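Coordinates in review
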Amino acid sequence: MARALAVVHAAARHGRGGVLLVSGPPGIGKTALVTEVRRQSSALKLRVVGGKCDEIEQVSPGAPVIALLRSGRHPLLEASEYEEISVSASEPLLLVERIATHLEEAAKAQPLVITLDDVHWVDRTSRFLLRTLVSRLAGLPVVWVFAGRDSSLKGDLVCGDPILVEEIPLGPVATADLVAMAHDRLGRMPGTRARRFLDALDGSPVLATHLIDQLVRDTAGGGVDRMEAQFHGSIAHRLAALPEVAGHLVQLVAVAGGVLPTREAAGLLGAAAGDERVDSEGACEQAIDAGLLVVNGAALGFRHDLVREAVYASIDASRRHEIHRALAAQCLAAGRVPMAAAHAREACRPGDTAAAAILISAAETLVDPNPGEAGECAALAFRTLRVTQPEWQGLSRRCLAVLCRTERATDAVAVADAIAAQTGDADVLGEVEARVASALWFGGRVDELRARTGRALRAATLSPSVTARLQAAGTLADAGLARGDTALRHTEAVLEEARSNGDREAVTLALWAAAVAAGNESRHLQALRHYQDIRSLACTDHLADEIAELQSLDRHEHAQALLRRLHPDSERLTDVLPAVHRAQMWLDFHLGRLDDADAAARALAELGLRLGTQLLALEAFVVQAAVSLLRGDLQTASAQLKRAEGLTHIDDALRDPALAVMRGWLGAAQDDLKSAVEVLLPLLRDTGGARPYRQLLPWWTGWYEELGSTPAGEDLAHLMAEAAHTTAARNPGVPSFEGVALNLLGRRMRDLEMIERSAKMLAASPRPLFRAGGAESLGRALLAAGRRTEGLEQLDHAWDEYHTIGAHHPRAAVQRAMREAGARRVKWCAVATPNTGSIALSKAEQRVAALISAGHTNKSAAAELGISVNTIGTHLRSVFKKLNIQSRVQLTNALHGHGETLWLTESSGMASSS
């Protein structure tokens with residue numbers, strides 16, 4: 001206890017903050033320790049807030065952290081502020097920003113001690129919030145006290161940040177101390193046989209408190225198992241002695257997870273008894289008098305989890321299922337959908353249609369805010385149903401809809417096949433085949449999609465709306481496989497037919513097919529309009545595709561804004577759609593954030609393989625290979641391509657172009673010109689075959705000039721230039737496309753003036769790789785023209801761009817060209833910088849350090865630099881680690897005290913000018 005108090009008070013009083021982690025098994029005294037820390041901290045005039053996590057609330061995003069803000073005698077927030085924060089629970093990024101802002105302001109006025117008990121029950125959103133808040137508030141007088149059963153709390157909540165962390169693992173109480181407890185209770189020393197029984201308590205002070213009198217009287221022994229059995233028996237005896245309504249109330253609270261609002265308990269009791277006039281207040285008093293329940297504000301609970309666990313264990317399994325189902329129905333009616341889903345999962349047993357119905361209703365509500373949870377609920381609901389039940393088909397079709405929307409391709413196809421096998425209704429079959437089209441698409445099974453829709457269309461009795469849907473789904477398959485203006489015209493014709501039919505599902509599918517066809521023909525503005533039309537139908541399923549088209553049009557700021565709606569958590573929680581990971585991955589890649597692109601690609605590959613969205617897994621492997629090629633890690637790039645080759649369920653027509661482009665790039669990187677040409681030339685000759693991945697053709701390297709050395713290479717160079725020209729013509733006003741088109745034409749014609757114009761165009765591109773490519777090609781052309789000074793200036797600029805994004809391979813090529821021209825640069829020697837000290841800070845880290853040392857908060861620094869608060873936190877953690885410091889005050893002293901004022905001033909100036 002003394003150690004814990006010393007840590008908390010020292011950290012708070014010295015203004016640097018810290019984390020106290022208390023761990024130990026149930027009943028070991030964690031709660032008592034935290035309670036005493038709170039009491040003594042309050043006595044020392046520290047501001048204290050606290051709360052606890054509950055098992056059943058794990059699916060209520062952020063509830064434990066949000067509740068902290070209104071705890072204690074003097075809550076951190078007014079009721080109106082609390083309400084504003086509560087509505088942000090489904091947007092973790094906004095939520096953490098608002099909470100952090102309030103905590104920062106509170107910490108400025110008075111040191112804070114924030115306690116959270118039972119963190120082993122913390123939900124995923126709360127874990128993210130805590131991890132982010134601990135990092136963000138590092139250096140402020142905020143002390144976090146976490147208590148839980150898991151000894152690995154530090155890895156979950158602190159993540160290696162340079163902040164004071166003290167771990168206090170609580171172990172069993174010594175037998176001698178338990179004997180002393182018995183002495184105090186009995187007024188005399190217990191006998192030998194009693195002491196032996198105390199030794200079997202395994203050091204749990206809570207069990208000792210409950211059982212020591214009984215154990216002293218009963219010296220029969222029996223060890224820990226007997227002790228626990230006796231404890232459970234004691235609780236069961238008390239429960240059995242209660243009147244029926246009171247006993248039912250205790251069971252309700254136990255199944256609810258240990259906390260149940262009094263008003264809800266009364267409603268559940270009345271519903272179970274079939275009489276709303278049931279005396280719930282009397283039942284509550286009886287349960288409290290029996291020592292089983294306690295009142296915590298407006299809710300009922302247990303004084304310790306061991307009591308709740310004992311009550312829960314005493315409830316018959318069928319009775320537990322009934323209570324879980326009742327709680328699930330009540331939560332669903334009250335709008336607490338995540339909690340309803342949690343109870344429904346516990347209630348589910350084979351053939352339980354009531355629980356399955358609750359699960360699928362919860363899943364339908366959770367699709368947008370929590371697609372991962374929605375997909376799991378739908379999959380479980382379908383597994384619960386039995387085909388002989390009359391509700392099977394209707395509920396199964398609802399499961400299918402959710403599984404398709406949450407991109408669980410494997411599960412969706414399995415459900416569709418099951419429904420198809422059980423129905424003889426042509427319309428039902430047609431609706432199912434049209435619905436599962438998206439799952440087949442994301443699975444890369446486009447040939448199968450075409451065949452299935454074709455079979456369904458051959459039925460003679462289809463309704464017009466189902467016919468329109470199937471035609472649109474078939475057109476989606478055609479758009480994925482066919483190329484050229486003919487395919488584009490066909491999709492537009494089907495779209496017009498769907499619109500004339502008026503069926504919303506048909507129009508949505510037809511718009512998607514038209515967008516895919518337009519995108520494959522590099523008509524990105526047309527594709528974007530189609531995706532926007534889908535959104536106008538109140539359908540958000542294709543926002544990720546809309547984001548991809550915005551990126552193609554160099555509208556990355558708009559893409560980022562739209563992405564925040566889908567993916568508010570920059571830490572990339574796995575509970576987002578694979579398509580959202582795809583959008584984030586490409587955005588990071590285009591903007592030169594290679595580390596982030598690689599991380600998003602890893603997440604996408606994992607999800608794609610697990611959920612069956614292999615088409616997206618393919619793109620993930622392609623991006624991972626591209627990042628490795630830019631970094632110069634050719635071995636890893638080759639390994640990623642082999643993983644992509646292993647995606648055998650994807651149609652060859654979808655997989656082979658991606659593999660060909662990357663094999664061509666790999667050949668170019670290995671200086672194997674012949675291999676690169678052999679792979680790429682057939683692909684470019686196939687009209688449009690490479691369009692989805694054409695942006696990855698390494699046009700920016702000196703390899704392009706070497707193509708003219710052979711007839712086949714000359715053909716490839718011509719096709720690359722022609723394709724770039726077509727793309728630019730179809731997307732006027734996009735600097736990246738227009739610049740590349742002019743660049744390749746100028747390099748083929750060896751027209752220096754044209755190359756200079758292209759470099760100016762590419763300088764306006766938001767893509768660092770394109771800016772660098774424009775400068776590199778111009779620099780090489782100027783050197784070839786004998787304009788050495790100007791050429792080296794452009795190559796210097798290209799080197800800097802490549803260096804900033806970590807593209808080591810093209811950077812090395814630029815450096816070789818400059819060296820061959822007789823140039824030497826000091827910055828080349830600084831490439832291998834130390835890992836510690838101010839010299840190790842990147843430019844981005846320098847800018848962040850400058851603003852923070854000048855007094856900016858994370859939020860104001862983010863606004864100044866135009867990046868996210870989480871990115872500021874990431875950079876700041878890296879700064880603290882490299883400088884071996886733990887607070888913002890230390891940061892200011894370290895930088896200004898070691899002669900770093902020059903780059904501090906420069907960084908501040910750059911930040912202000914931006």
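See the structure above.
So, here's what we can say about the structure. Because the structure is a prediction, the values reported are computed rather than measured.

A few points about the overall build of the chain
When you go through the chain residue by residue, the secondary structure sums to 49 helices and eight strands. Here the chain holds 914 residues, and 55% of them are scored as buried. Taking as baseline every contact in the chain between residues at least 6 positions apart, the subset at least 24 positions apart corresponds to 67%. Working note: accessible area of the chain is about 37700 Å², and carbon and sulfur atoms make up 51% of it.

Side note on the sheet that holds strand 2 (residues 47–52)
Pairing is parallel across the open sheet formed by five strands, whose spatial order is 2-3-4-1-5. Edge positions in the open sheet fall to strand 2 and strand 5 (165–169), since each of these has one partner strand only. Pairs of neighbouring strands in the sheet enclose a mean axial angle of 15 degrees, with direction left out of account. When strand 1 (residues 18–23) meets strand 4 (residues 142–148), the two strands line up parallel, connected through six bridges. Bridged to S23 within strand 4 is G148.

Quick look at a negative patch on the surface
On the surface, a cluster of negative charge is made up of D279, E281, E285 and D289. Of note, D289 is situated in helix 14 (residues 280–289). For D289, a relative accessible area of 68% puts it in the exposed group.

Some details on helix 38 (residues 711–730)
For helix 38, which comprises 20 residues, the first-to-last C-alpha distance of 29 Å matches the rise-based estimate of 28 Å (1.5 Å per residue) to within 8%. Within helix 38, burial applies to G713, L716, A717, L719, M720, A721, A723, A724, T727 and A728. Buried residues belonging to helix 38 abut helix 36 (673–685), helix 37 (703–706) and helix 39 (735–749).

Points about the side chain of E619
By the element assignment, E619 lies in helix 33 (residues 614–631). Overall, the relative accessible area of 9% leaves E619 in the buried class.

Things to note about the pairing of strand 3 (residues 112–117)
Strand 3 sits mainly inside the fold: six of its six residues count as buried. In strand 3, alternate side chains face the same way, and those of L112, I114 and L116 on one face and V113, T115 and D117 on the other are all buried. As judged from the six bridges shared by strand 2 and strand 3, these two strands associate in the parallel manner. From the neighbouring strand, R47 faces strand 3, where its bridge partner is L112. Bridge count between strand 3 and strand 4: five bridges; the pairing is parallel. Paired with L116 across the bridge in strand 4 is F146.

Quick word on the packing of helix 25 (residues 464–481) against helix 27 (residues 504–520)
Two elements in contact, helix 25 and helix 27, have axes whose closest approach is 8 Å; the angle formed by their N-to-C orientations is 15 degrees. Taken together, the axes of helix 25 and helix 27 are roughly parallel relative to one another. The two elements helix 25 and helix 27 cross, and the hand of that crossing is left-handed. Note on element contacts: helix 27 touches helix 25 through E505, A506, L509, A510, W512, A513, V516, A517 and N520, opposite A468, R469, A472, A473, T475, L476, A479 and G480. Looking at the contact of helix 25 with helix 27 residue by residue, the classes come out as 12 nonpolar, three polar and two charged.

Focus: the environment of S280
With respect to the helices, strands and loops of the structure, S280 is situated in helix 14. You can call S280 buried: its relative accessible area is 19%. Spatially, the C-alpha atom of S280 lies 8.7 Å from that of G267, the residues being 13 residues apart in sequence. Those residues in contact with S280, other than ones at most four positions away along the chain, are A266 and L269.

Section: the packing of helix 41 (residues 768–784) against helix 42 (residues 788–805)
Relative orientation of the contacting elements helix 41 and helix 42 amounts to 155 degrees, with a least axis distance of 7 Å. Between helix 41 and helix 42, the crossing angle belongs to the class labelled roughly antiparallel. Crossing handedness for the pair helix 41 and helix 42: left-handed. For the pair helix 41 and helix 42, contact is made by P768, L769, R771, A772, G773, A775, E776, L778, G779, R780, L782 and L783 and by R788, E790, G791, L792, Q794, L795, H797, A798, E801, Y802 and I805, respectively. The residue makeup of the contact of helix 41 with helix 42, split by class, is 12 nonpolar, five polar and six charged.

What about the nonpolar core?
Within soluble globular proteins, side chains that are nonpolar generally end up buried alongside one another. Of all hydrophobic cores here, the largest spans 174 residues; its most connected members are F589 and M662. No other element matches the 13 residues that helix 33 contributes to this core. What F589 contacts, discounting residues up to four positions off in sequence, is L594, A597, V623, A626, V627, L630 and L696. Formed by 57 residues, the second largest nonpolar core is a distinct cluster that contains V19, C53, L157 and L851.

Quick word on the side chain of R136
Checked against the element boundaries, R136 lands in helix 6 (residues 124–136). Overall, R136 belongs to the buried group, its relative accessible area being 4%. A polar contact of 3.2 Å, which involves the side chain of R136, links it to the side chain of E104.

Points about unusual backbone geometry
With the exception of glycine, the majority of residues adopt a negative phi angle, and the majority of peptide bonds are in the trans configuration. Within the chain, D118 stands out as a residue other than glycine whose phi angle is a positive 55 degrees. Here D118 is to be found in the loop between strand 3 and helix 6. In this structure, D554 takes a positive phi of about 65 degrees despite not being glycine. Relative to the helices and strands, D554 is located in the loop between helix 29 (543–552) and helix 30 (556–566).

Some remarks on the pattern of salt bridges
For the structure on display, the rule yields 46 salt bridges. K52 is paired through a salt bridge with D118; the nearest N and O atoms lie 3.3 Å apart. You can see K52 sitting in strand 2 and its partner D118 sitting in the loop between strand 3 and helix 6, a full 66 residues away along the chain. We classify K52 as partly exposed; its relative accessible area is 40%. Exposure remark for D118: the relative accessible area of 7% places this residue in the buried category. The partner of E756 in a salt bridge is R787, with the nearest N and O atoms 3.5 Å apart. One end of the pair, E756, is in helix 40 (residues 752–763); the other, R787, is in the loop between helix 41 and helix 42, with 31 residues separating them in the sequence. With a relative accessible area of 29%, R787 lands in the partly exposed category.

The rules we used
- Residues numbered from 1 in each chain as written.
- Predicted model: local features only at pLDDT ≥ 70, side-chain atom pairs only at ≥ 80, totals over all residues.
- Heavy atoms only, no water.
- Helix = DSSP H or I, 4+ residues; strand = E, 2+ residues; numbered from the N terminus.
- Buried < 20%, exposed > 50% of the residue type's maximum accessible area, 1.4 Å probe, protein only.
- Contact = heavy atoms within 4.5 Å.
- Areas by Shrake-Rupley, 256 points an atom, 1.4 Å probe, with all protein chains shown as cover.
- Pairing = 2+ DSSP bridges.
- Axes fitted to C-alpha atoms, helices over the stretch in contact; angles between N-to-C directions.
- Patch = residues over 30% accessible without salt bridge, like charges linked within 9 Å, V, L, I, M, F, W, Y side chains within 5 Å.
- Salt bridge = Lys/Arg side-chain N within 4 Å of Asp/Glu carboxyl O.
- Lys, Arg positive; Asp, Glu negative; His and termini not counted.
- Charge placed at Lys NZ, Arg CZ, Asp CG, Glu CD.
- Expected span 1.5 Å × (residues − 1).
- Parallel < 35°, antiparallel > 145°, perpendicular 65-115°, else oblique.
- Left-handed = near helix turned anticlockwise from the far one by under 90°.
- Nonpolar A, V, L, I, M, F, W, Y, C, P; charged D, E, K, R; others polar.
- Core = buried A, V, L, I, M, F, W, Y, C linked by side-chain atoms within 4.5 Å.
- Polar contact = N/O pair within 3.5 Å; in protein donor to acceptor, adjacent residues only side chain to side chain.

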